[in-house]
Amino acid sequence: MTRLLRLEPLTAEAFAPYGDVVDPPAPGDRLSLMESIGGRDGAAAPRLSFNHAPPHALPLLATEMERHNRSSQCFVPLDVARWVVMVAPDAGGVPDAARLRAFLVRGDQAVNYRIGSWHHPLRVLDRPGRFAVLMWTTGVKSDDEEWSTLPAPVTLVA
């Protein structure tokens, strides 16, 4: 049976257990994530990549989540309408499916996942979206990427 999960607006307060929300700075201001971006346990090399994500329509079906135990992961929209973020706290090495939260993200908001935060893979709405993604690596993909299948599918709705 599929569980319904309603998207909520993304706010820094709601997302704080999982990472940072970066709203556009006011004119003349500069924002920094120096305290919350980076790597550990050998993930010392920064990796800046760029991706072009295909659009998806609501409702979205979520069946798996991922996390990075050695690196934060920052998604910075370059040309995006809206996008979706789904997160969960850890429950003994798997996402806590009972405590999933899903957010509707504006195209001008960046998200930085804390090290070890369970999150759904990137999904954009409305039209294709382009992002810059910053994380740290050991140079071996399998060193930092962990996947988990949810115990039951989750349908994300507006």
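Our subject is the structure listed above.
Caption draft 1: Quick peek at the environment of Phe-50. Looking at the element boundaries, Phe-50 is found in strand β4 (residues 45-53). Here Phe-50 is in contact with Leu-78, Phe-131 and Ala-132, once residues within four sequence places are set aside.

Caption draft 2: Layout of the packing of aromatic side chains. One pass over the full model with this rule turns up seven aromatic pairs. Ring geometry for Phe-75 and Tyr-113: centres 6.0 Å apart, planes at 85°, overall edge-to-face. Remark: Tyr-113 occurs in strand β10 (residues 110-113) and Phe-75 occurs in strand β7 (residues 73-79); sequence separation between them is 38 residues. We note that Phe-75, like Tyr-113, is buried.

Caption draft 3: Unusual backbone geometry, seen in detail. A cis amide bond, omega 0°, links Leu-58 with the succeeding residue Pro-59. For Pro-59, the position within the fold is in the loop between β5 (55-56) and β6 (60-68). The residue Asp-41 is not glycine, and still its phi comes out positive at about 50°. When you line up the elements, Asp-41 lands in the loop between β3 (19-22) and β4. Classification of Asp-41 as exposed rests on a relative accessible area of 57%. Phi angles above zero are rare outside glycine, and Asp-126 is one such case at about 75°. Asp-126 gets classed as partly exposed once you look at its relative accessible area, which sits at 49%.

Caption draft 4: Region of interest: a nonpolar patch on the surface. A contiguous nonpolar patch, built from Leu-48, Phe-50, Val-76 and Leu-78 and spanning about 400 Å² of accessible area, is present on the exposed surface. For the nonpolar patch, the elements supplying multiple residues, two or more each, are β4 and β7. Among the structural elements, Val-76 can be located in strand β7. Given the relative accessible area of 34%, Val-76 is considered partly exposed.

Caption draft 5: The arrangement of the sheet that holds β4 in detail. What the five strands build is an open sheet, ordered β3-β10-β7-β13-β4; its pairing is antiparallel. In this open sheet, the two strands that pair with only one neighbour each are β3 and β4. Neighbouring strand axes in the sheet, compared pairwise and without regard to direction, differ in orientation by 20° on average. Looking at chain direction, β4 and strand β13 (residues 129-137) are connected through nine bridges and run antiparallel. If you follow Ala-53 over to β13, its bridge partner there is Gly-129.

Caption draft 6: Molecular detail of the side chain of Ser-117. Note on placement: Ser-117 falls in the loop between β10 and β11 (118-119). In contact with Ser-117, other than residues within four places in its own chain, are Tyr-18, Glu-66 and Arg-67.

Conventions we followed
- Per-chain numbering applies: the sequence of each chain, read as written, is numbered from 1 onward.
- Under the rules for a predicted model, residues below a pLDDT of 70 receive no local features and side-chain atom pairs below 80 are neither given nor counted, while totals for whole chains, interfaces and linings still include all residues.
- The basis for every side-chain value is the complete set of non-hydrogen atoms in the structure, without hydrogens or water.
- Segments assigned H or I by DSSP are reported as helices when at least four residues long, segments assigned E as strands when at least two residues long, and all are numbered from the N terminus.
- The contact criterion used throughout is that any non-hydrogen atoms of two residues lie within 4.5 Å.
- Any two of the Phe, Tyr and Trp rings considered here, Trp counted by its six-membered ring, make a pair once their centres fall within 6.5 Å; the pair's planes then place it as stacked at under 30 degrees, edge-to-face at over 60, or tilted in between.
- Type-normalised accessible area, obtained with a 1.4 Å probe on protein chains alone, sets the label of each residue: buried when under 20%, exposed when over 50%, and partly exposed for intermediate values.
- To count toward a patch, a residue needs a relative accessible area over 30% and no salt bridge; like charges are then connected within 9 Å, while nonpolar side chains (Val, Leu, Ile, Met, Phe, Trp, Tyr) are connected within 5 Å.
- Only the protein chains shown count as cover for residues, and all accessible areas are computed by the Shrake-Rupley method using a 1.4 Å probe.
- What counts as a salt bridge is simple: a side-chain nitrogen of Lys or Arg found within 4 Å of a carboxyl oxygen of Asp or Glu.
- Two strands qualify as a pair provided DSSP detects at least 2 bridges between them.
- Every axis in this analysis is a line fitted to C-alpha atoms, fitted for helices over the stretch in contact. Angles between the N-to-C directions lie between 0 and 180 degrees.

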